[in-house]
Number of protein chains: 4
Amino acid sequence: MYSFLNDYSEGAHPLVLEALIHTNSEQTVGYGNDVYCQKAQEDIRNRIHNPLADVHFLVGGTQTNLTFISYVLRDYQAVIACDEGHIHVHETGAVEATGHKVLTRPHHDGKLTVEAIREIIETHLDEHMVQPAMVYISQTTELGTYYTREELKVLSQYTREHGLYLFLDGARLGSALVLDDAPQLQEIAQYVDAFYIGGTKMGAMFGEALVIIHDDLKKDFRYHLKNKGAMLAKGRLLGVQFHTLLKDSLYEDIGRHENEMANIIREALEEKGYHIDLPSHTNQIFVDLPNEAIEKIEQEYMITHIKPLDSGYTRIRIVTSWATAEEEANKFAEFIKRI
Amino acid sequence: MYSFLNDYSEGAHPLVLEALIHTNSEQTVGYGNDVYCQKAQEDIRNRIHNPLADVHFLVGGTQTNLTFISYVLRDYQAVIACDEGHIHVHETGAVEATGHKVLTRPHHDGKLTVEAIREIIETHLDEHMVQPAMVYISQTTELGTYYTREELKVLSQYTREHGLYLFLDGARLGSALVLDDAPQLQEIAQYVDAFYIGGTKMGAMFGEALVIIHDDLKKDFRYHLKNKGAMLAKGRLLGVQFHTLLKDSLYEDIGRHENEMANIIREALEEKGYHIDLPSHTNQIFVDLPNEAIEKIEQEYMITHIKPLDSGYTRIRIVTSWATAEEEANKFAEFIKRI
Amino acid sequence: MYSFLNDYSEGAHPLVLEALIHTNSEQTVGYGNDVYCQKAQEDIRNRIHNPLADVHFLVGGTQTNLTFISYVLRDYQAVIACDEGHIHVHETGAVEATGHKVLTRPHHDGKLTVEAIREIIETHLDEHMVQPAMVYISQTTELGTYYTREELKVLSQYTREHGLYLFLDGARLGSALVLDDAPQLQEIAQYVDAFYIGGTKMGAMFGEALVIIHDDLKKDFRYHLKNKGAMLAKGRLLGVQFHTLLKDSLYEDIGRHENEMANIIREALEEKGYHIDLPSHTNQIFVDLPNEAIEKIEQEYMITHIKPLDSGYTRIRIVTSWATAEEEANKFAEFIKRI
Amino acid sequence: MYSFLNDYSEGAHPLVLEALIHTNSEQTVGYGNDVYCQKAQEDIRNRIHNPLADVHFLVGGTQTNLTFISYVLRDYQAVIACDEGHIHVHETGAVEATGHKVLTRPHHDGKLTVEAIREIIETHLDEHMVQPAMVYISQTTELGTYYTREELKVLSQYTREHGLYLFLDGARLGSALVLDDAPQLQEIAQYVDAFYIGGTKMGAMFGEALVIIHDDLKKDFRYHLKNKGAMLAKGRLLGVQFHTLLKDSLYEDIGRHENEMANIIREALEEKGYHIDLPSHTNQIFVDLPNEAIEKIEQEYMITHIKPLDSGYTRIRIVTSWATAEEEANKFAEFIKRI
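From a predicted model like this one, the values you see are computed outputs, not experimental measurements.

Conventions we followed
Residues numbered from 1 in each chain as written. Chains lettered and ligands numbered in written order. Predicted model: local features only at pLDDT ≥ 70, side-chain atom pairs only at ≥ 80, totals over all residues. Domains from an automatic or database assignment. Contact = placed C-beta atoms within 7 Å. Helix = DSSP H or I, 4+ residues; strand = E, 2+ residues; numbered from the N terminus. Nonpolar A, V, L, I, M, F, W, Y, C, P; charged D, E, K, R; others polar. Pairing = 2+ DSSP bridges. Axes fitted to C-alpha atoms, helices over the stretch in contact; angles between N-to-C directions. Least-squares fit on C-alpha atoms with pLDDT ≥ 70 in both. Buried ≥ 20, exposed ≤ 12 C-beta atoms within 10 Å, placed from the backbone. Arc of directions from axis to C-beta.

### Digging into the domain arrangement of chain A
Interfaces are often sized by the amount of accessible area the parts lose when they come together.
All names here are of chain A.
Part 1 of the argument: When the domains of chain A are assigned, the result is domain 1 (2-7 + 251-338) and domain 2 (14-248).
Part 2 of the argument: Taking only C-alpha atoms into account, the centre of domain 1 sits 27 Å from that of domain 2.
Part 3 of the argument: Taken together, the contact pairs 17 residues of domain 1 with 19 residues of domain 2.
Part 4 of the argument: Contributing elements (two or more residues each) for the side of domain 1 that touches domain 2: α12 (250-271) and β10 (284-290).
Part 5 of the argument: At 7 residues, the largest contribution of residues to the side of domain 1 that touches domain 2 is made by α12.
Part 6 of the argument: Here the residues of the side of domain 1 that touches domain 2 are counted per class, giving 6 nonpolar, 7 polar and 4 charged.

Structure, rendered in C-alpha cells:
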C-alpha cells in the first residue's frame, strides 16, 4: 500500500538527513543558541531582506500556533480565522486552552476575506464581547488553495488599518512559494506581522521556523517559548534542518516537486472527468470520486476520506510530498485512468 | 427618561431589600456556610424534590457560567451552544479564558436543536478535534423565546444518550417558569445535569443559585468556586435573597409580573402593526420599528438598538422587570399607540 | 455566641445600607457606567490628588487580585509575595489558575522586604526561569502588621528601579490609614502602581475599589474585568457604597473604630500577660493563649485558631470590625481579665 | 573547547541515529499510531511487566511535565515538589501557565521527603487553600542524587495512603537504573502512578516516553497531548528511537557509561581534595572549586557555574553523557590533577 495520506508519512529529505548525520557528533550549546540556529536565522533574514526579523524554531505546527497566538493576545482578545482554519478545527482546542477565542466566518475558497473580517470587527464593539486583535491565515490553505500576492496585500492593508496583527501559518508554505501569482518569502514578510515557514510537511524531519516581523511582538519571546514547553533542548537540530532547507533553494525545490507530482495525478483525475474541488496547483487534491472507484484505489493506495456526498460519491484528499517519487505518481495516474 | 433597557436597572425587589435590612446586623459565618444559605438551599431542594442536589450561590451570570463550565470540562473538551448563546457572544471570551472552546451552530428561534448538536457530535470524532462534552442552553433564550417542556425533554434524552452534560442558564428563568408549556423547576431539575436560578435579572440585588443535579459534578466544587474568585465572603447576602425569592412564590410572581408588563407593551406594538421578531410571552420584546418612531420613543424612553434593518427600520429590544410599574407600562403602551 | 472571627460577619455599615436603600428604586445603566460609580471614582481621584487614576469596582478580594494580576502579567511572568501573602496561601491557587507563578520568600513581621525581592531578582536571570514582574503586598498584612510610610517608600523605590510593578492589596486598608506612621491614601497612590481600597472588610456590604495609577496598566481593563466574570451587572451598588464610604471620612472612621475596639481587647490580654505576636494597633490580634483559657472563651465567643503551640498553648486570632460595639469589646475585655 | 555543560550537547547515540536513517524512507501513519511506536510501547510494557500500561511519546521534558500534570489536576489542585524541583525552578512557570500551583518544601539531599509532603498535607485543609493532589519527584534529582528503592517505596506508600498521585520525572533515569540500590524500571512502575523515561538526555535525538500506570489517568490522554501541542506529526521518530534504546539494554548501557565517565572525573576531583556536594555515582558532579582553578579549566573546558561561594570558591557542575569518550574523560581527569 502506497500512501498519499499526507506530506509527513516519511522521515526527512535526504539532504536534511545528511546534514543531521554530518553534525551529529558536534557539541553545541542548547536551546537554540547554537551556530546552526544562527546560520538558519541569517538565511531567513537574508531571504526576506529584513535583518531585524526575529526567528525562532519550534517543533510542530499546533505548538507554533498556540505558542505565538498566546504570546500576542491579551486574555480578552481573540484571533480571527475562517471556519476551515487549522486552529479552529484541527488543533483540539489548543488555542482556546491558552485562553483565547477563535472568531470565525465562512471561508471563501478556503480563504479568509476582508469582508469576513469586517463583519467581525463591526459587530465586536464593546467590552461585553471579545476583542478581535489578530488575523490567522494559512498558506496554502486547508483546502489546497492559496492567497495570491494581491489577496495577501489586501488583507495586509485592511488589518494594518484596523490595528489587527496578521499571522500566516506556513505549514505548507513551499507549495505556494513556487506559484507565479503567490507571494514570495520577502513579500510575505512585508505583508504580515509574523509567519512561520513549515518544515514538518516540507521535507524536514520536524520543525517550524517562526519569523516575527512586528517589533512589538519580539520582547522576551524566548521566555514564552519555554513557558509553553516549546523550547527544544537540542535546538541545533532545528537550525541544521532549516539551514539545509533555506541556504539555497531546497525549500522551493521541494515545493515545486510536490506540486508537479500532484499535477500528474490531477491530470489523470481530470482526464477521467472527476470533479476537483477548488482546483489549484498545490500539493493537495480534493476530488469527488464514485465509491466503487475509491474501493478499487484503496486496495493499493492510502487516501483520506473528507466527507460522503450524495449519489454514491465521496470527497477524498490526495497529498503529494518531497518523497513522492515520479514513478509512483505516474503509476497512480495510470491506475486512476484504468479504474 | 424611563428605561426599558433591561431587567437590572434598579436595585432589589422591596421584599428582598427588606430581608437584607432585617438581617443586616446579625453575625454569621462567612463563605456561604451560614444559616440563610442553608435555608435557601433547602428551599430549592424542596422545590425540585431532590434532597441530594448541591446548591451554590454566586454573584453574577458570566461568573456562574465560567465557573461551572470550567469545573465540568477537561482541557480538551468543549461546550456546545447556539450562535446566539450568551457564553459565545456576550461574555468577552470568559469561557475560553478558562481554556475551553465554545462550539456553535445556528440557533432556531433562539434555541439549540438536537439536529445542531448532532451535527457537531458527528463531525468531532478523533483526538485532532476538540471533544464535545457539555451542552449549554438558556431559559429564556437571548431572543426572548423559551424551551417548552417537550423541547427540553428531547434535548435531555439526546444529551444523556450521547454522554453530554446538559447545563441550563436561568438568568431569566422566572419569566419562563410561569408559562403553561414551559418546564417548571422540578421538571428542569429532572431534565438537566445542572442549572442556575437567576437572581440578578429577577429581583435580587445580585446573585445566581447554581443547582447541581448530576453526582459526578459535585465533588469539591467549593474549591473551584474559590479558585475562580467566585466565593462571596458575606455569602449570607445570597442566602437571604434566595430564601426570600424562593421560600414562597415570589420568584414566580416576579416572572408573571414582568411578562404581564411586557404583554401590555406587546399588544400596543401589535395593534400598530409592527413586526415582532420571534413573538413569545416573556419579558423581552424584539420589534422592528421605523427609525422615526424610534426617534420619538427615545425622547422619553431608553431602549436597546439590536441592529439596523433595510428601508429605514431598526430592530430594537424592550425589556420589562419586577420594577416595571403597571402605570409605566400603560403609559408606554399609550405612547406607542400615539406615535 | 458573639463572633470575633473576622470583619465580615455582619452585613453593611448602617450608612452604607441606608444609601443602598435610598437609591434602590432609581434606574441606572449597568456595568459600572452609572452616576454613582462616577461619583465614587471622583471621590477617590480627589482623595489621591490624581485626576488620571483609573478606578474600577469589583465584588471581592480574591477576585480583585486574580483579575488585576492576570491583567498585568504576561504568561511567563510571576508576582512576588511573602510566604504569608493572601494570594499565596488563601486563594486556592486563584492566581496560578490564571497562569502565573507566585514567587515567595519568608516574611519579616508579616511583610515583604527589599532583601527578599532582591534575592528573587538576582536568581531569576534567564528564560529558563519565570520572570518576576510584579510585587504584591497587603496593607494591613495577614499578620495584622502594616507597612510604614518609610517602608512603603523603600519598596517603591526598589521596585521602580528594577522595573517591577508594585501592587497593594488594601482589603483592610482603613485600619492602617488611621495610624500615624502609615501612609495615607494619597501617599499610597504615589508609591504604588495600583492598589485596592477594600470594602468587604471595611463596612461595605461587599466590594473593592481598584485604583490604577500606572498608565501602562489602564488600557481596555474593562474588557479584562468582564473576561474574568468580575463586572457586576448592577455596578451602581458598588458606586453607591464607595461614594458613601469615601465622600467624607466614613472609611477612616470605621478604621479608627475597629482599631480602638481591638485596643480595648489587646489591653486586657496584655494585662493578663499573654504573648501578643507582632503587636500593632490594627484590628487583628494574634495572641498565644493557654488551651484552657481558649476553652472558656469559646463557650461565649467565636475566635479563630491559627496554630497549636508547645506546652498547652494555641495561637488564636481576634478580629474587630465596624460592627463591634464598644459594649461588646468591653464585655470581652472583662471576660478575658476574669479567665 | 570540550563541553561538560550537559548531556544534550551532541545529537543522537550512533545506534539511535542509525535506526532513524534506516527507517527514513518508510511510510507510516502519523501521530504515534505507527508500528515503531507500537513496538516501543511493547518494549516498555514488557520491561515493566505491565501489559496495561499506557505509553505516550513526547518531544521534551518541560512539555511532558506540563502536559501530564495539567491532565491530572483539577483547576484547584496543586502538585507538590521539592524546592529544587525542575518544574518549580527551571520551567519558566510552565506548570503554573496550565493553571496549577507548585507547592514546595526544602529538599533533603535534592530529594522530597515524606515529612515535607506531610507538612503540606496537614496545612492544606479547606477550600480556601489549594488542594494537594500529586507529588512530583525526579530520578536522578536536580542535584545528581537519586531515590533508593527503599526511599521510593516509602514515598509510594505515603502517597497512596493519602490519595496523592506520584509522578516521577525520569529525564536522566538511565543514570539511576544502573545503580545497585536504585529501583529498576519494573519497580518504579510498581511504586508510581506515572513516570517518564527520558530520551533527550539519554542518547535519543529527542523524546521522552511517558508511562501511565494508574487507570484513572489514561482516558483520552491523546486528546490532551494534542491540546497542548505535544503530539508529534511524525510520531514514528519517537517510536524508532525508544525501540532502539529499550529493545535490548542500550538505555542502561548508556546510563552505565555516563556514570563511569563521571566517576573518572570524580576521582580526580576527590584526589585533589575538592569538596563534592552530595556525592553520588550518577552523571552529574557538583563540586566546589577555587576560582583560579575554574579559570584554568575554562580555557579548555565548558562547565556550568552553579553559585559563588565564600572565600574565592564557586560551585560548578560537570555533566557526562553517552557521548563522553573515555579518552576525553581521562584527559579531563589528568587536567584536573595538574591544576
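Structure's up, so let's keep going.
### Considerations on the sheet that holds strand β4 (residues 102-105) of chain C
All names here are of chain C.
Part 1 of the argument: If you trace the 7 strands from one edge of the open sheet to the other, you get β2-β8-β7-β6-β5-β3-β4, paired in mixed fashion. Two strands in the sheet have a free side with no partner beyond their single neighbour: β2 (54-58) and β4. Within the sheet, the average angular offset between the axes of one strand and its neighbour, ignoring direction, is 25 degrees.
Part 2 of the argument: Two strands pair when backbone bridges link them, and strand β3 (residues 77-82) and strand β5 (residues 131-138) are joined in this way by 4 bridges, in the parallel orientation. For Ala-78, the partnering residue across the bridge sits in β5 and is Pro-132.

### Quick notes on the relation of the copies chain C and chain D
Part 1 of the argument: Overlaying chain C with chain D gives an RMSD of 0.0 Å, the required rotation being 180 degrees about an axis along which the chain moves by 0.0 Å. The superposition operator between the copies reduces to a two-fold rotation axis.
Part 2 of the argument: A share of 100% of the interface residues of chain C reappears at the interface of chain D, consistent with the copies meeting face to face through the same patch.

### Some thoughts on helix α1 (residues 14-23) of chain D
Part 1 of the argument: When α1 of chain D is considered as a whole, its buried residues turn out to be Val-16, Leu-17, Ala-19, Leu-20 and Thr-23 of chain D. For α1 of chain D, the angular spread of the buried residues around the axis is 160 degrees, confining them to a single face.
Part 2 of the argument: As for α1 of chain D, its buried residues are in contact with α1 (14-23) of chain A together with α2 (35-47) and α11 (236-246) of chain D.

### Overview of the interface of chain D and chain A
Part 1 of the argument: With 37 residues of chain D in contact, the opposing surface of chain A contributes 37 residues.
Part 2 of the argument: Put simply, the parts of the chain that give the side of chain D that touches chain A at least two residues each are α1, α3 (61-72), α5 (94-97) and α10 (221-227) of chain D.
Part 3 of the argument: Counting residues per element, the side of chain D that touches chain A draws most heavily on α1 of chain D, which supplies 4 residues.
Part 4 of the argument: Partitioned by chemical class, the residues of the side of chain D that touches chain A number 15 nonpolar, 18 polar and 4 charged.

### Notes on the interface of chain C and chain D
Part 1 of the argument: On the side of chain D, 16 residues touch chain C, which itself brings 16 residues to the contact.
Part 2 of the argument: Residue composition of the side of chain C that touches chain D, by class: 6 nonpolar, 6 polar and 4 charged.

### Some details on the environment of Ile-69 of chain D
All names here are of chain D.
Part 1 of the argument: The residue Ile-69 is located in helix α3 in this model.
Part 2 of the argument: The class for Ile-69 is buried, based on 27 C-beta atoms found within 10 Å.
Part 3 of the argument: Along the chain, Ile-69 and Val-59 lie 10 residues apart, while their C-alpha atoms are 16 Å from each other.
Part 4 of the argument: Contacts of Ile-69, omitting those with residues within four sequence positions, involve Val-79, Val-95, Thr-98, His-100 and Met-134.

### Some thoughts on the pairing of strand β8 (residues 208-212) of chain D
The side chains of a regular strand alternate between the sheet's two faces.
Residues and elements named next belong to chain D.
Part 1 of the argument: The buried count for β8 comes to 5 of 5 residues, which makes it a mostly enclosed element.
Part 2 of the argument: Burial along β8 is two-sided: the residues Glu-208, Leu-210 and Ile-212 and Ala-209 and Val-211 are all buried.
Part 3 of the argument: Relative to β8, strand β2 (residues 54-58) is paired through 5 bridges, and the arrangement is antiparallel. By the bridge assignment, His-56 is partnered in β8 with Leu-210.
Part 4 of the argument: Here 5 bridges tie strand β7 (residues 194-198) to β8, and the two strands are oriented antiparallel to one another. Counted as the bridge partner of Ala-194 is Ile-212 from β8.

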